[in-house]
Amino acid sequence: MAVLICHLKIMASMMIVFLILLWTTNLVQPNTPQAAVQVFPPVNFTLTVSALAQVLLHWKPNPNQEQKNYTIRYDVKILSPVPEEYDTKKTHSVRTAALHNGFSAHIRTLLLHSDLQMRSDWVKEKLPPPPGAPETSVTNLSCVTRITISSTVSLHCTWLPGRGAPEDTKYFLFYRYETYTEECQNYIKDKWNRNTECRFSVTHIDPEEVDNLVVIHINGSSKHAAIKPFQQLFNQNAIEKVNVPRNVTVFLEQNDLLATWEKPISPFPKECFEYEFYLFNLKSGNKQILKISSNDFRLQIDVTSRYSIQIRANHHICCTRGFWSDWSEIIYVGQNKLENPVAWIFAVLCVFTCCTFLLVAIICKIGYGCRVVKTYDI
């Protein structure tokens, strides 16, 4: 009887353990249905050049992908020309990049459920570089913008012909700002009659925008070779040649030099600029360049000296720093004075006395020489 009771207790214990395991399995099962879900990569992945230096990435969800109770996003990896990684829930993306060396990207499906993430394989696509030898592209491209009095923006670009470009190569420049694209109509040529500069007196660049991109595209043509295009992206504020500060006023107040001025022509407020104050002591030859973040300045100076003063400006905190402005016109202040009139008079008297003694000595020496000669003749 005791043995039977013992067997019953063992069976009861095993039953309890079995029920606990069954309950645990049922508890975990609802949270892990996705383990059996397969993640499929996107389909119809394409790259399309939609504007100068602009690529449209487009794809579609895989029709075999199960979507119930899941969140679907997409991992995008740009491989070239500039590496970049991001994710999006959209099925398209636009990227701005220089395309003269091609463009390549990968994309995959990202399936999200609770805290679990599952990813598909990558899908790859690329744009080949445009035809032409690299040595035929322009080199040393640089551009400068200026804000005019009428609050428009001018653009001036220069470049050098490619070393491998035939002599008959003709280059053509285009700029793009946001959705607007324009070809240059005002070229400056080198001595071989090749376009090496371009000027736009007015552009569609918005002077009030901050850190927008200006796309420059230069292609070319030749009867002897395919000329490879070249593209470069510029921050609009980084290539701005800031205007000169206006209405600079300088005057003396006892032993202090006071200067005031107005900010350059610009849509940005005065707090957005910094200045360099160039002070040259014409008497001693000492030079100083002081950085100032306000529109006025006070400095103790030597009032016995005459000074020349110039000021220039640049962007400060509101946007990317541009090119320093030209120096303002030279302003002179003060006049060279003697530091001690008594000392000056004493110095003049000393010089005069020395000169007098020297002159008397010379006269006496000449007179003595004459007397010696006459005595010898007798």
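Look a little higher up for the structure.
These notes cover the structure that comes with them. (Residues numbered from 1 in each chain as written. Predicted model: local features only at pLDDT ≥ 70, side-chain atom pairs only at ≥ 80, totals over all residues. Heavy atoms only, no water.)

Observations concerning the sheet that holds strand β21 (residues 296-300)
Whenever strands of a sheet pair, they do so through backbone hydrogen bonds, lying parallel or antiparallel.
Right, so step 1: Ordered by their spatial adjacency, 3 strands build an open sheet running β17-β18-β21, and the pairing between neighbours is antiparallel. Each having just a single partner strand, β17 (246-253) and β21 make up the two edges of the open sheet. Here the average twist between neighbouring strands, direction ignored, is 15 degrees.
Right, so step 2: Judged from the 5 bridges that link them, strand β18 (residues 256-262) and β21 form a sheet pairing that is antiparallel. In the sheet register, T260 faces β21, and the bridge partner there is D296. (Pairing = 2+ DSSP bridges. Helix = DSSP H or I, 4+ residues; strand = E, 2+ residues; numbered from the N terminus. Axes fitted to C-alpha atoms, helices over the stretch in contact; angles between N-to-C directions.)

Let's talk about the sheet that holds strand β23 (residues 331-333)
Right, so step 1: Pairing within the open sheet is antiparallel, and its 4 strands lie in the order β20-β19-β22-β23. In this open sheet, the two edge strands, each paired with only one partner strand, are β20 (287-292) and β23. Between one strand and the next, the sheet's axes are offset by a mean angle of 25 degrees, whatever the strand orientation.
Right, so step 2: As paired strands, strand β22 (residues 307-315) and β23 are joined by 3 bridges and run antiparallel to one another. In the strand pairing of β23, I309 is matched with I331.

Topic: the environment of S222
Right, so step 1: Looking at the secondary structure, you find S222 in the loop between β15 (213-221) and β16 (230-235).
Right, so step 2: Leave out the neighbours within four places in its chain, and S222 touches P166, D168, T169 and I227.
Right, so step 3: Among the polar contacts made by the side chain of S222, one reaches the main-chain amide nitrogen of H224 at a distance of 3.1 Å. (Contact = heavy atoms within 4.5 Å. Polar contact = N/O pair within 3.5 Å; in protein donor to acceptor, adjacent residues only side chain to side chain.)

Digging into the pattern of salt bridges
Right, so step 1: This structure, assessed with the given rule, holds 12 salt bridges.
Right, so step 2: Residue R119 is joined to D75 by a salt bridge in which the shortest nitrogen-to-oxygen separation is 3.4 Å. Residue R119 is found in strand β7 (residues 116-119), and its partner D75 is found in strand β3 (residues 71-80); the two are separated by 44 residues along the sequence.
Right, so step 3: R246 serves as the salt-bridge partner of E262, at 4.0 Å between the closest nitrogen and oxygen. (Salt bridge = Lys/Arg side-chain N within 4 Å of Asp/Glu carboxyl O.)

Digging into the state of the cysteines
Right, so step 1: Inspection of every chain in the model, using the stated rule, returns 3 disulfides.
Right, so step 2: Sulfur-sulfur distance for the disulfide between C184 and C198 comes to 2.1 Å. Judged by the torsion about the S-S bond (115 degrees), the C184/C198 disulfide is right-handed. Here C198 lies in strand β14 (residues 195-200) and C184 lies in the loop between β12 (180-183) and β13 (187-189), a separation of 14 residues in the sequence. Both residues of the pair, C184 and C198, count as buried. (Disulfide = S-S within 2.5 Å. Buried < 20%, exposed > 50% of the residue type's maximum accessible area, 1.4 Å probe, protein only.)

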